[in-house]
Amino acid sequence: MPHNGPFPSAEADRNDYYIAAVPYLTNAANLARLLVSTPNKNALLAAFTSWNNSYPFCQNPDTKTKTMVDNKNKADEAMQTALRNIYHDIPQSVLTTQDRNTLRIAPPAGGHHAPLPTPTD
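Participant: Please give an account of helix 4 (residues 66-89) that cites residues and values.
Facilitator: Taking 1.5 Å per residue as the helical rise, helix 4 with its 24 residues ought to reach 34 Å, and the 35 Å between its terminal C-alpha atoms agrees with that figure. Burial in helix 4 covers these residues: Met68, Val69, Lys72, Ala75, Asp76, Met79, Gln80, Ala82, Leu83, Ile86 and Tyr87. Tucked into the core, helix 4 has its buried residues touching helix 1 (11-26), helix 3 (38-58) and helix 5 (97-103).

Participant: I'd like a rundown of the environment of valine 36, residues and numbers included.
Facilitator: By the secondary structure assignment, valine 36 is in the loop between helix 2 (28-33) and helix 3. Along the chain, valine 36 and tyrosine 87 lie 51 residues apart, while their C-alpha atoms are 8.8 Å from each other. Ignoring anything within four residues of it in the chain, the contact list for valine 36 reads Leu31, Lys41 and Ile86.

Participant: Give me the packing of helix 1 against helix 3: which residues, what numbers.
Facilitator: The geometry of helix 1 relative to helix 3 is characterised by a closest axis approach of 11 Å and an angle of 145° between their N-to-C directions. Seen along the crossing, helix 1 lies across helix 3 with a hand that is left-handed. Between helix 1, through Glu11, Ala12, Asn15, Tyr18, Ile19, Val22, Leu25 and Thr26, and helix 3, the contact on the second element is made entirely by Lys41, Leu44, Leu45, Phe48, Trp51 and Tyr55. Along the lines of polarity and charge, the residues of the contact of helix 1 with helix 3 split into 10 nonpolar, two polar and two charged.

Participant: Which residues make up the confidence of the model for the chain, and what are the values?
Facilitator: For the chain, per-residue confidence averages 90 on the pLDDT scale, and residues scoring 70 or more make up 90% of the total. Between the elements of the chain, mean pLDDT differs from a low of 93, seen in helix 5, to a high of 97, seen in helix 3.

Participant: Kindly report on the pattern of salt bridges, identifying the contributing residues and their values.
Facilitator: Scanning the entire structure with this criterion turns up four salt bridges. The shortest N-O distance in the salt bridge between aspartate 99 and arginine 33 comes to 2.7 Å. Here aspartate 99 is found in helix 5, whereas its partner arginine 33 is found in helix 2, with 66 residues between them in sequence. Since its relative accessible area comes to 0%, aspartate 99 is described here as buried. Classification of arginine 33 by relative accessible area gives partly exposed; the value is 30%. Between lysine 66 and aspartate 70 there is a salt bridge, with its nearest N and O atoms 3.3 Å apart. Linking lysine 66 with aspartate 70, this pair stays in helix 4, spanning four residues, or about one helical turn.

Participant: Describe helix 1, with residues and values.
Facilitator: When the terminal C-alpha atoms of helix 1 are compared, their 22 Å separation across 16 residues agrees well with the 22 Å that a helix rising 1.5 Å per residue should span. Residues of helix 1 that are buried: Arg14, Asn15, Tyr17, Tyr18, Ala21, Val22, Tyr24 and Leu25. Looking at the buried positions of helix 1, the neighbouring elements they touch are helix 2, helix 3, helix 4 and helix 5.

Participant: I'd like a rundown of the nonpolar core, residues and numbers included.
Facilitator: Counting 25 residues, the largest nonpolar core has Met79, Leu83 and Tyr87 as its most contacted members. Listing elements by their share of this core, those giving two or more residues are helix 1, helix 3 and helix 4. The residues contacting tyrosine 87, other than those within four sequence positions of it, are Pro6, Tyr17, Ala21, Leu25, Leu103 and Ile105.

Scoring rules and cut-offs
Residues numbered from 1 in each chain as written. Predicted model: local features only at pLDDT ≥ 70, side-chain atom pairs only at ≥ 80, totals over all residues. Heavy atoms only, no water. Helix = DSSP H or I, 4+ residues; strand = E, 2+ residues; numbered from the N terminus. Expected span 1.5 Å × (residues − 1). Buried < 20%, exposed > 50% of the residue type's maximum accessible area, 1.4 Å probe, protein only. Contact = heavy atoms within 4.5 Å. Axes fitted to C-alpha atoms, helices over the stretch in contact; angles between N-to-C directions. Left-handed = near helix turned anticlockwise from the far one by under 90°. Nonpolar A, V, L, I, M, F, W, Y, C, P; charged D, E, K, R; others polar. pLDDT = per-residue confidence, 0-100. Salt bridge = Lys/Arg side-chain N within 4 Å of Asp/Glu carboxyl O. Core = buried A, V, L, I, M, F, W, Y, C linked by side-chain atoms within 4.5 Å.

Right, dumping it as structure tokens:
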């Protein structure tokens, strides 16, 4: 997994990730099961709209401008922030294998630990 979490470093791959993650998270059943709050959902949808309104224009040399690139970069930052906020709030216990694979959320490191011995002093 890349150093920046579940987000691919290549922009085209990140776009594909957003296209898969946003509908998955905003599906009514997943919203309820993953306990995604309305403010987090709204922030994600607003960021995704901004991303979709700027990213395609940055792929075409005829429509790519400095302003459009700046807008795309701000939208990308907003997308990652919104997704991190959602991922931070999802209880690890409700994540399924499909959730982890779709959203690229790694399982907690270390697994299960043996219980600590009871102190005698």
